[in-house]
Amino acid sequence: GENVEQHPSTLSVQEGDSAVIKCTYSDSASNYFPWYKQELGKGPQLIIDIRSNVGEKKDQRIAVTLNKTAKHFSLHITETQPEDSAVYFCAAIVNNFNKFYFGSGTKLNVKP
Amino acid sequence: SQTIHQWPATLVQPVGSPLSLECTVEGTSNPNLYWYRQAAGRGLQLLFYSVGIGQISSEVPQNLSASRPQDRQFILSSKKLLLSDSGFYLCAWSVGLNTEAFFGQGTRLTVV
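Residues numbered from 1 in each chain as written. Chains lettered and ligands numbered in written order. Predicted model: local features only at pLDDT ≥ 70, side-chain atom pairs only at ≥ 80, totals over all residues. Heavy atoms only, no water.

A. Focus on the side chain of serine 30 of chain A. Residues and elements named next belong to chain A. Structurally, serine 30 is set in strand E4 (residues 30–38). Within the local environment of serine 30, its side chain forms a polar contact with the side chain of glutamate 2, the two groups lying 2.4 Å apart. Setting aside its immediate chain neighbours within four residues, serine 30 contacts Glu2, Tyr25, Ser52, Ala92, Ile93, Val94 and Asn95. (Helix = DSSP H or I, 4+ residues; strand = E, 2+ residues; numbered from the N terminus. Polar contact = N/O pair within 3.5 Å; in protein donor to acceptor, adjacent residues only side chain to side chain. Contact = heavy atoms within 4.5 Å.)

B. Quick peek at unusual backbone geometry. A cis amide bond links histidine 7 of chain A with the next residue in sequence, proline 8 of chain A, at an omega value of -5°. If you trace the backbone, proline 8 of chain A turns up in the loop between strand E1 (4–7) and strand E2 (10–14). In this chain, tryptophan 7 of chain B is followed by proline 8 of chain B through a cis amide linkage whose omega measures 0°. Mapping proline 8 of chain B onto the fold places it in the loop between strand E1 (3–7) and strand E2 (10–13). Here the phi dihedral of glutamine 60 of chain A falls at roughly 55°; this positive angle occurs in a residue that is not glycine. As for its placement among the helices and strands, glutamine 60 of chain A is situated in the loop between strand E6 (56–59) and strand E7 (62–67).

C. Structural detail: the nonpolar core. With 25 residues, the main nonpolar core has Trp35, Phe73, Leu75 and Tyr88 of chain A as its most contacted residues. For this core, the secondary-structure elements that each account for two or more residues are strand E3 (19–25), E4, strand E5 (45–51), E7, strand E8 (72–77), strand E9 (86–94) and strand E11 (106–111) of chain A. It is E9 of chain A that provides the largest number of residues to this core, a total of five residues. Ignoring anything within four residues of it in the chain, the contact list for phenylalanine 73 of chain A reads Ile21, Lys22, Cys23, Tyr25, Phe33, Trp35, Thr65, Leu66, Cys90 and Ala91 of chain A. In terms of nonpolar packing, the next biggest core, distinct from the first, is built from 20 residues, Leu47, Leu64, Ala66 and Trp93 of chain B among them. (Core = buried A, V, L, I, M, F, W, Y, C linked by side-chain atoms within 4.5 Å. Buried < 20%, exposed > 50% of the residue type's maximum accessible area, 1.4 Å probe, protein only.)

D. Fine view of the pairing of strand E8 (residues 73–78) of chain B. Residues and elements named next belong to chain B. Burial of E8 is extensive: five of the six residues sit out of reach of the surface. The pairing of strand E3 (residues 19–26) with E8 spans six bridges and is antiparallel. Looking at E8, one finds that threonine 24 is bridged to glutamine 73. The pairing of strand E7 (residues 65–70) with E8 spans four bridges and is antiparallel. (Pairing = 2+ DSSP bridges.)

E. Examining the state of the cysteines more closely. All names here are of chain A. For the structure shown, the criterion picks out two disulfides over all chains. Paired by a disulfide, cysteine 23 and cysteine 90 hold their sulfur atoms 1.9 Å apart. With the S-S dihedral at roughly -100°, the linkage between cysteine 23 and cysteine 90 falls on the left-handed side. Placement of cysteine 23 in strand E3 and of cysteine 90 in strand E9 is noted, with a sequence separation of 67 residues between them. With relative accessibility at 0%, the residue cysteine 90 sits in the buried group. (Disulfide = S-S within 2.5 Å.)

Below you can see the structure in the form of structure tokens.
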């Protein structure tokens, strides 16, 4: 099956700085890559996603990049705010299968 | 709009007791349904997924089972809980192929 690795496990930044979280995947047939934000005691919420036919996608302060050749994708958060503090998960789904494989998560702490 | 309900929110059960967690989805038909477990400070482990009534795929051998008695109902069960079954259990749904999954708010299970 697919194997998704995520780094770093924890990330601490100053408010206003940028944060980058990186993931790699193993199955070249994976073609959909969502990112989720999980606040304490809640279920993960989708924040952005990217498909394999696109190299970059942006939504206000959040962007995701995908390098299919290298099999890695990254989440970029600019102008971080304290409310961005949460655990972020990347995921990959193999083409035409319905199973989501998640990374191990990154705990982001934005210091005011 | 689609919603997902998961209950109970918290549960404390003694070792050896049975378990039944329920998840229902509203506002969509024939969803893909998932059960994930999240140990404290860890990532999301896929336990079961289902693409239709009575169709259950298990990802890892364990002390748990799942059933889908109705199109939008997914149940996670155990006959005898173990201490190692403690964790945060999340139900999720998606529709079709290669689309985002939406998570419920989770059940915090503590086996004592």
